[in-house]
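# Report on the structure
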Amino acid sequence: QLQASGGGLVQAGGSLRLSCAASGRTLKAVSNNGMGWFRQAPGKEREFVASISWNGASTRYSESVEGRFTISRNYAEHTIVLQMNTLKPEDTAVYYCAAARGSSASSITSAYNYWGQGTLVTVSS
């Protein structure tokens, strides 16, 4: 299982730090597989936000968050972190963490087979 946390209400320009904790069958995936964050805003399709390879050497970001968000992994705590800075109202969405089937940092939804339950991020203007 993947448990996402850290969402909340923040003003535009503020920061939030999302965490994704693994348990059970996803513990090995967090250490050995690519991991990603996706988001879904009301009335919109789920979209890619950021991903990281199994060893942390490679990361990918969507154009809309490049330079503002940073993805990282903590092997000791079996967590994936998404640091979000300079938040904008258009970042408002439910954020999901996911574990990929492979080891690379993928931006493709179908590359992921384990999904967390999501955490809501609301950015006010």
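Residues numbered from 1 in each chain as written. Predicted model: local features only at pLDDT ≥ 70, side-chain atom pairs only at ≥ 80, totals over all residues. Heavy atoms only, no water.

The next thing to look at is the environment of Ala21. Along the chain, Ala21 falls in strand 3 (residues 16-22). Between the C-alpha atom of Ala21 and that of Gln1, which follows or precedes it by 20 residues, the distance is 8.2 Å. With near-sequence residues (within four places) excluded, Ala21 lies in contact with Gln1, Leu2, Gln3, His78 and Thr79. (Helix = DSSP H or I, 4+ residues; strand = E, 2+ residues; numbered from the N terminus. Contact = heavy atoms within 4.5 Å.)

In terms of nonpolar packing, the biggest core is built from 29 residues, with Trp37, Leu82, Met84 and Tyr95 touching the most fellow members. Look past the residues within four positions of Leu82 in its chain and what remains in contact with it is Leu16, Arg17, Leu18, Trp37, Val49, Ala50, Phe69, Thr70, Ile71 and Tyr95. Judged by nonpolar contacts, the second largest core, of five residues, contains Phe38, Ala98, Ala100 and Tyr112. (Core = buried A, V, L, I, M, F, W, Y, C linked by side-chain atoms within 4.5 Å. Buried < 20%, exposed > 50% of the residue type's maximum accessible area, 1.4 Å probe, protein only.)

In this structure, Arg68 sits in the loop between strand 6 (59-61) and strand 7 (69-74). Taking the relative accessible area as the measure of exposure, Arg68 reaches 10% and is therefore buried. Separated by 2.8 Å, the side chains of Arg68 and Asp91 make a polar contact. Once residues within four sequence positions are removed from consideration, Arg68 is found in contact with Gln83, Met84, Asn85, Thr86, Leu87, Lys88 and Asp91. (Polar contact = N/O pair within 3.5 Å; in protein donor to acceptor, adjacent residues only side chain to side chain.)

Read from one edge to the other, the open sheet built from four strands follows the order 1-3-8-7, with strand pairing classed as antiparallel. The two strands at the open ends of the sheet, each matched to only one other strand, are strand 1 (2-5) and strand 7. With direction set aside, neighbouring strand axes in the sheet form an average angle of 15 degrees. As defined by bridge partners, strand 3 adjoins strand 8 (residues 79-84) across six bridges and the pair is classed as antiparallel. By the bridge assignment, Leu16 is partnered in strand 8 with Met84. (Pairing = 2+ DSSP bridges. Axes fitted to C-alpha atoms, helices over the stretch in contact; angles between N-to-C directions.)

With that settled, consider the packing of aromatic side chains. How two aromatic rings sit relative to each other is given by the distance of their centres and the angle of their planes. If you walk through the whole model with that rule in mind, you get four aromatic pairs. Note on Phe38 and Tyr112: the rings are 5.1 Å apart at their centroids and 80 degrees apart in plane angle, and the pair reads as edge-to-face. Of this pair, Phe38 sits in strand 4 (residues 35-40) while Tyr112 is found in strand 10 (residues 112-115), placing the two residues 74 residues apart along the sequence. Owing to a relative accessible area of 0%, Phe38 belongs among the buried residues under this scheme. Over the face of the ring belonging to Tyr96 we find Arg46, whose NZ or CZ atom lies 3.9 Å from the ring centre. Between Arg46 and the ring centre of Trp115, over which it is positioned, the NZ or CZ distance is 4.8 Å. (Phe/Tyr/Trp six-rings, centres within 6.5 Å; stacked < 30°, edge-to-face > 60°. Lys NZ or Arg CZ within 6 Å of the ring centre and 35° of its normal.)

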